[in-house]
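Letter by letter, the chains look like this.
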Amino acid sequence: MSSEIAEVTRVVNAFSETWNRHDINAFADLFAEDAEFVNVVGLWWKGRPEIKGAHEFTHQTMFKHSRLSIQDVVARFPTPNIAIARCRWTLEGHVSPEGLALPPRNGILVNMLQQDGGTWRIIDSQNTDIIEGVVSRPQ
């Protein structure tokens, strides 16, 4: 594994590690100052402060005891300092707005990262829930 792939994979794994510690400061630090993030319901946050604020709120409520696991990280590099990383995820331990336990969720996260000064940061993120039975897979 090249050092670039290893570093991009480390950032993607840090997404779940900081999530699971509910360390929103460290989570937000994974993002560039002008990053953008579209969540699973289509909310579009622009800039690290908005991304941080949205996650601070949800980690005090519906994601307070959640656990996010990342699988199958795949990265490609359209240019030497830009990476596109896709991964599958599973979320457990989250609750509804009313506080009721919800079943585990699965999805795909796409992060675009940029290397600047030797540090890889997420510049764009798109999160998608996988709803079983809604989309058929080609055979």
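Residues numbered from 1 in each chain as written. Predicted model: local features only at pLDDT ≥ 70, side-chain atom pairs only at ≥ 80, totals over all residues. Heavy atoms only, no water.

Participant: Would you explain the overall build of the protein in this entry?
Facilitator: Per the secondary structure count, the protein includes 3 helices and 6 strands. The N-to-C order of helical and strand elements in the protein reads α-α-β-β-α-β-β-β-β. Each principal axis of the C-alpha distribution contributes one length, and for the protein these read about 45 × 45 × 25 Å. Across the 139 residues in the protein, those meeting the buried criterion constitute 37%. Considering only intrachain contacts with a sequence separation of at least 6, the fraction spanning at least 24 residues in the protein is 49%. (Helix = DSSP H or I, 4+ residues; strand = E, 2+ residues; numbered from the N terminus. Buried < 20%, exposed > 50% of the residue type's maximum accessible area, 1.4 Å probe, protein only. Contact = heavy atoms within 4.5 Å.)

Participant: I keep staring at the sheet that holds strand β4 (residues 82-92) and nothing clicks. Help me out?
Facilitator: Across the sheet, which stays open at both edges, the 6 strands sit in the order β2-β1-β6-β5-β4-β3 with mixed pairing between neighbours. Either end of the sheet is taken by a strand with one partner, and the two such strands are β2 (44-46) and β3 (67-79). Between one strand axis and the next, the sheet turns by 15° as a mean value, whatever way the strands run. Two elements, strand β1 (residues 31-38) and strand β6 (residues 119-130), share 4 bridges in a ladder whose sense is parallel. What sits directly across from phenylalanine 31, in β6, is isoleucine 122. The strands touched by helix α1 (residues 3-21) within the sheet are β1, β3, β4, β5 (105-116) and β6, with β3 carrying the most contacts at an inclination of about 150°. (Pairing = 2+ DSSP bridges. Axes fitted to C-alpha atoms, helices over the stretch in contact; angles between N-to-C directions.)

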